[in-house]
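Residue-level listing of the chains:
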There are 2 protein chains.
Amino acid sequence: MNTPELIRRKREGSTLSEDEIRFLVEGYLAGRIEEYQISALLMAIFFQGMTAAEAATLTRIMMASGRTYDLSAIPGPKSDKHSTGGVGDKVSLVLAPLVAAAGIVNPMVSGRGLGHTGGTLDKLDAIPGYRWNLTESEFKAQLEAVGCAIIGQTDDFVPADKRLYALRDVTATVESIPLICASILSKKASSGTDSLVMDVKCGSGAFMDSPKKARALAEQLVAIGTQLGLKTSALITQMNQPLGTTVGNALEVRETIDILKGGGPADTRDVTIELGAEMLVLAGVSPTEEQARTTLSELLSSGRALAKFTEWIEAQGGDPRIVDDPSVLASAPGLDIFKAPASGVAQSMNVRQIGVAANMLGAGRMKTTDEVDPAVGLEVFVNVGDRIDAGQELVRIHHRDGKGLEECRRLLAESFVFGEEAAAPLPLIVDRVQ
Amino acid sequence: MNTPELIRRKREGSTLSEDEIRFLVEGYLAGRIEEYQISALLMAIFFQGMTAAEAATLTRIMMASGRTYDLSAIPGPKSDKHSTGGVGDKVSLVLAPLVAAAGIVNPMVSGRGLGHTGGTLDKLDAIPGYRWNLTESEFKAQLEAVGCAIIGQTDDFVPADKRLYALRDVTATVESIPLICASILSKKASSGTDSLVMDVKCGSGAFMDSPKKARALAEQLVAIGTQLGLKTSALITQMNQPLGTTVGNALEVRETIDILKGGGPADTRDVTIELGAEMLVLAGVSPTEEQARTTLSELLSSGRALAKFTEWIEAQGGDPRIVDDPSVLASAPGLDIFKAPASGVAQSMNVRQIGVAANMLGAGRMKTTDEVDPAVGLEVFVNVGDRIDAGQELVRIHHRDGKGLEECRRLLAESFVFGEEAAAPLPLIVDRVQ
């Protein structure tokens, strides 16, 4: 096979065969095909797309580049959830023990945050003692004993994705739907799950800013996931305001525990229940969404989900006292209040910028070498549609010695649009793709 | 400036500024920007194109990467011709002395052939003693004394084009009109010419197979050339049959001399006169095309063009006896005849394949490391529209000890389409862009 000819065929809109995709990906990983050829191919894919079958083939070949977990020996339905990334999204921390309490095995392999979005591993790092680097046998043993585990990616976990993603990042080829799908699904399918519910975030804090784009991604994820033999469905959920009230790692763990105790912000709770209900139905644990919602609400109100959370955290070495004593979690020494500059109705928010504002304090990374401070972050007390009085407390800024505070306040001042007209509250679930 | 962001902007169809293009090209040449980023940019340009002003800026920045010839001290109008490449195209060898005899200074910097098309330097290498590597002062002195010179590219002649072309070749980004234009025009404008006539070949032996594509390229060449301050026009000429009768280096030199002696195939002669007339009018040497044609025909019939040819070849070290004694040129020891398999009318030819058939004998290169044999090649005695009898001699194959002969005959057998219907002879000049 001839690499320039394969690039040319993709450039002209042809579909590449399994042998051809394998030749390209394996050749790239083995150093037989140059990076400058693969980047040209990726740009051709950006413009010409891939069929669902073609993207599924790419996904399979990427999976074969490294370790995959075979969980078939563990009893029970395996199901997982993946979010495309948002601001304040701590759903995984609630959802994993919640669905495990409902009888699902949830094997979750997570990553770190980069850019304006947070990462689940960064949130878990805020829990003293939590160990994300389980061995394969520890991972499997915990899934069998507890029903859930959240671990990080080992170096040999889909190495093809690491190489391709790094190349896409520096060649402006990230925003390609089939490549996004192959990246996500190669990792999710390698975790050993049988079914997958995608949370495709949509809005000013998401990679997909419009419902149309989010639906296009969701449809491709479901189509390609299905081709891979995964039961897959997707919810498109609101990201035109941060999810819940907290943005920042220890703060988000606190909100997680509030939800598990039956309280917490309604939006975080409701999105978690919707995603969990989708998982229960897809995995065959509940016959209907309605019954699944009832099951999950009861697990939250009864404390059984909280007990599963404690069991899980303790199994992975985390300090279980965080559940009853929030002071075990890091807290920032500085507190600053961002007040409403004038009265009015909150019309819209630039959520991406709110995420960046939190990063300025140290809550996340703008580049991979940035250090994360678990204690700092934001509490945001305004939703779109709320009527606000001048001087009202909008955001609490938890900072360390004023680090990034000025920049954070400047970004926040630009992030909220207030006006006189009424504004409808935003629907939590924008769309659903099955 | 940020390279991925610039790639992204081109990907989205934006126009890059002069500073941005300079940042990218100079950064690439200096090793600050990676090849995998430039190849992704090239693929984005393939899909999104460039404005004429943008491509002219790219061309100027490419020119600035190396040596350019300043011919302003040499009296007389400087004009040059460039062909996009065909099979049997020996026009430059006739045209340079012909227009020099008409009072034009023709500084020509030429390249070697690759793929099915021939290269002017390869044809000149068939002339014993011809030296294409003149120094800059020798080049200028000869232009002033003789009026024409054809030299090869030094290593420091538009190095940006060498780097970019090599990268495009292995990343399927050759076929981009603005990139083709920048590659051609950076070299042509660096030769010091004031005006340029493009011969855009069109047909089965050309890079542009349809008149529509050829016209698109011609229009861009004229638009970008004009932006560069070059008087530029273009003829779109026939390449659905080889030009003239010969394909192969020494054979083409023989045909060149036949034309300069007032004979030779009508198509080679007529295309040369049309391109020369365009040069004379563009350079202001003749008031009308008609008068220019008369001037050029007289220079051929009077022997003055032949005398200029002899003067030029001798000035560059070539053996002038080739003019009167064809045996000074290499000739192949083997001669094989390809006959018409049946009677009928020649409907069409696969000219690219005829070019490859000649390469099989050693007349050209399929890859840069192939060695060229000046003696071998084809004489093709059929044009589209000709009525042919079974067994009639169609092609004479000049080979060396049967090398490549079997493959050559196989390709020729597939290259001609005969049928019963009449077929119109092909027009020589397909279109004209000014």
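Residues numbered from 1 in each chain as written. Chains lettered and ligands numbered in written order. Predicted model: local features only at pLDDT ≥ 70, side-chain atom pairs only at ≥ 80, totals over all residues. Heavy atoms only, no water.

As a further point, take the interface of chain B and chain A. Facing the 22 residues of chain B at the interface are 22 residues of chain A. Ranking the residues of chain B by area buried against chain A places Arg11, Tyr36 and Phe47 of chain B at the top, with a combined share of 36%. There are two salt bridges connecting chain B and chain A. In this structure, the salt-bridge partner of Glu175 of chain A is Arg11 of chain B, at a minimum N-O distance of 2.7 Å. Here chain B and chain A share nine residue pairs in polar contact (both at pLDDT 80 or more) between them. (Contact = heavy atoms within 4.5 Å. Buried area = accessible area lost by both parts, 1.4 Å probe. Salt bridge = Lys/Arg side-chain N within 4 Å of Asp/Glu carboxyl O. Polar contact = N/O pair within 3.5 Å; in protein donor to acceptor, adjacent residues only side chain to side chain.)

All names here are of chain B. The strand order across the open sheet formed by three strands is β10-β8-β12, and the pairing between neighbours is antiparallel. Where the open sheet ends on each side, the last strands, each with one partner, are β10 (387-388) and β12 (416-419). Each of β8 (344-349) and β12 touches helix α16 (residues 405-415); the most contacted strand, β12, lies at about 40° to it. (Pairing = 2+ DSSP bridges. Helix = DSSP H or I, 4+ residues; strand = E, 2+ residues; numbered from the N terminus. Axes fitted to C-alpha atoms, helices over the stretch in contact; angles between N-to-C directions.)

This part is about the environment of Glu20 of chain A. Note on placement: Glu20 of chain A falls in helix α2 (residues 18-30). For Glu20 of chain A, the contacting residues outside a window of four places in its chain are Met1, Leu6, Arg9 and Thr15 of chain A.

Turning our attention to the packing of helix α3 (residues 35-48) of chain A against helix α3 (residues 35-48) of chain B. At their nearest, the axes of α3 of chain A and α3 of chain B sit 7 Å apart, and the two run at 30° to each other. It follows from the interaxial angle that α3 of chain A and α3 of chain B lie roughly parallel. Crossing geometry of α3 of chain A relative to α3 of chain B is assigned as right-handed. Seen from α3 of chain A, the contacting residues are Glu35, Tyr36, Ser39, Ala40, Met43, Ala44, Phe47 and Gln48 of chain A; seen from α3 of chain B, they are Glu35, Tyr36, Ser39, Ala40, Met43, Ala44, Phe47 and Gln48 of chain B. Taken together, the residues of the contact of α3 of chain A with α3 of chain B sort by class into ten nonpolar, four polar and two charged. (Parallel < 35°, antiparallel > 145°, perpendicular 65-115°, else oblique. Left-handed = near helix turned anticlockwise from the far one by under 90°. Nonpolar A, V, L, I, M, F, W, Y, C, P; charged D, E, K, R; others polar.)

The subject of this paragraph is the side chain of His399 of chain A. Residues and elements named next belong to chain A. Relative to the helices and strands, His399 is located in strand β11 (residues 393-399). A polar contact is formed between the side chain of His399 and the backbone nitrogen of Gly402, at a distance of 2.9 Å. Excluding anything up to four places from it in sequence, His399 contacts Ala332, Pro333, Gly334, Leu335, Asp336, Leu361, Val376 and Leu405.

Attention now goes to the domain arrangement of chain A. Residue and element names in this part refer to chain A. Domain assignment breaks chain A into domain 1 (3-49), domain 2 (79-323) and domain 3 (330-419). On a C-alpha basis, the centres of domain 1 and domain 2 stand 31 Å from each other. Tallying the contact residues gives eleven residues for domain 1 and twelve residues for domain 2. A combined buried area of about 1,100 Å² lies between domain 1 and domain 2, and 77% of that area is made up of carbon and sulfur atoms. When the area that domain 1 buries against domain 2 is broken down by residue, the three leading residues are Tyr28, Leu42 and Phe46, summing to 47%. Where domain 1 meets domain 2, there are one salt bridge. The residue Arg163 makes a salt bridge to Glu35 at a minimum N-O spacing of 3.9 Å. Here domain 1 is connected to domain 2 by zero residue pairs in polar contact (both at pLDDT 80 or more). Mapped by element, the contributors of at least two residues to the side of domain 1 that touches domain 2 are α2 and α3. Of all the elements, α3 adds the most residues to the side of domain 1 that touches domain 2, at seven residues. (Domains from an automatic or database assignment.)

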